[in-house]
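Here is how the chains run, residue by residue.
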Amino acid sequence: LFDGVYPFYPQQRKAAVFDISTIIVIVVFLTLACSFLLIIPGIRGRARLYWTLRVLLSLFVGVVIVVVQFTRDWETGWVQANTSYKSFSHVQVNADIGLHIGLAGVNVTLRGNPVEQINETINYNEHFPWNFGVDYDRSYSEGLQKGLPSPILYVAEKFSTQSPCAVHRQYRIASHYASAMLWVAFCTWVISNILFSMPVLIYGGYMLLVTGAFMIFSLLSFSTVRNTPMCLIQIGTRTLHVAYGGSFWLMLAIGLLCFVVGITIVAMHYLSLDLLKTFFDLREDKAEEYQEMPEVFINPHFVSKGL
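How each quantity is defined
- Residue numbering note: each chain is counted from 1, following its sequence as written.
- Local features in a predicted model are, by the rule used here, given only for residues with pLDDT of at least 70; side-chain atom pairs are given and counted only at 80 or more, and totals for whole chains, interfaces and linings are based on all residues.
- Side-chain figures throughout are based on the complete set of non-hydrogen atoms in the structure, without hydrogens or water.
- Each axis is a line fitted through C-alpha atoms, and for a helix only the stretch in contact is used; angles between axes span 0 to 180 degrees, taken between their N-to-C directions.
- A helix here means a DSSP run of H or I that spans at least four residues, while a strand means a run of E at least two residues long, and both kinds are numbered starting from the N terminus.
- Geometric relationships in this document are graded by angle, where less than 35 degrees denotes roughly parallel, more than 145 denotes roughly antiparallel, 65 to 115 denotes roughly perpendicular, and other angles denote oblique.
- Crossing chirality is assigned from the near helix's rotation relative to the far helix, an anticlockwise turn below a right angle marking it left-handed and a clockwise turn marking it right-handed.
- Polarity classes work like this: nonpolar for Ala, Val, Leu, Ile, Met, Phe, Trp, Tyr, Cys and Pro, charged for Asp, Glu, Lys and Arg, and polar for all others, with Gly in that last group.
- When a carboxyl oxygen of Asp or Glu lies within 4 Å of a side-chain nitrogen of Lys or Arg, that pair is called a salt bridge.
- Relative accessibility thresholds used throughout: buried, under 20% of the residue-type maximum; exposed, over 50%; partly exposed, between the two (1.4 Å probe, protein chains only).
- In what follows, residue pairs with any heavy atoms lying within 4.5 Å of each other are defined as contacts.

Peer 1: Mind showing me how you'd approach the packing of helix H6 (residues 201–223) against helix H7 (residues 246–271) here?
Peer 2: Any two packed helices are characterised by the angle at which their axes cross and by the distance between the axes. One can describe the packing of H6 onto H7 by two numbers: an axis separation of 8 Å at closest approach and a directional angle of 155°. Judged by the angle between their axes, H6 and H7 are roughly antiparallel. Seen along the crossing, H6 lies across H7 with a hand that is left-handed. Residues belonging to the contact of H6 with H7 are distributed by class as follows: 21 nonpolar, 7 polar and no charged.

In structure tokens:
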């Protein structure tokens, strides 16, 4: 024994707490936000408030577009039931079974009530990917070989290519196109920030509208999975139902926000251009450009020569 465990044998898997990709994206955007907050005291007057609002709002939109690519709660469902824990065993446990569907795959969670039952710790969170270049059936077969608990394998089997439910292809294609449209939305978000900094305000507003449109298109693409009837996921005497999760509704809210901001900028360009320039801190530069010189010095040498 080494520190109470066998050193050369695989130990029981722990439930995942955080997704590494999500943490990396959030840290990158938080670094950008903190860097801006360090220079914000150098901006004078009301422009400081306008800059803070613009930058933090823009960073929030960008981080949401990227983070939802890796989140696993586009569709979620939970059920509490008494179910068998292992194959070929009549021992039952009381547990919460969760299904979390993302763009890259499906997560199945099994958490005991209480966690410690039948001399084991029942706390699992298994991921089965279906993005292109990854074999879902292979990851499911590896789960069978590892001897994962029966509820996890039962739920994961519903999304395999061999399942009579036949939802694997629909989810995979819908998620692929939703992800592609979100990456396009991220590119248009970057272009809109470039246009605002040039500054070409009205075209930046147009690109925000395009960003919001691609966000909505990604939601429409993912929602096509509802066209395929979902098999009942019967666990014990209870049925596991899934509904749109936090990432789906967050993306809808951010898409509508981009529409509102884009329409506001375009409308202000035609109705109140001075107010729009004030918000983007452009009026002072324009005033300095046309500011008359208060005093002019003339060299008498050139005047006497008629030059």
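The rest of the description comes next.
Peer 1: Would you mind going over the pattern of salt bridges with me for this structure?
Peer 2: Once the charged atoms of two side chains with opposite charge are near each other, the side chains can pair. The full count for this structure, using the stated rule, is 2 salt bridges. Lys-86 is paired through a salt bridge with Glu-120; the nearest N and O atoms lie 2.8 Å apart. Taken together, the residues Lys-86 in the loop between strand S1 (75–84) and strand S2 (92–101) and Glu-120 in strand S4 (residues 120–129) connect sequence positions 34 residues apart. Residue Glu-120 is classed as partly exposed on the basis of its relative accessible area of 21%. Glu-142 serves as the salt-bridge partner of Arg-138, at 3.7 Å between the closest nitrogen and oxygen. With Arg-138 and Glu-142 both in helix H3 (residues 136–146), this residue pair falls 4 residues apart, about one helical turn.

Peer 1: Explain the side chain of Ser-218 here, please?
Peer 2: Tracing the sequence through the fold places Ser-218 in helix H6. In contact with Ser-218, not counting residues within four places along its chain, are Ala-178, Met-181, Leu-182 and Met-251.

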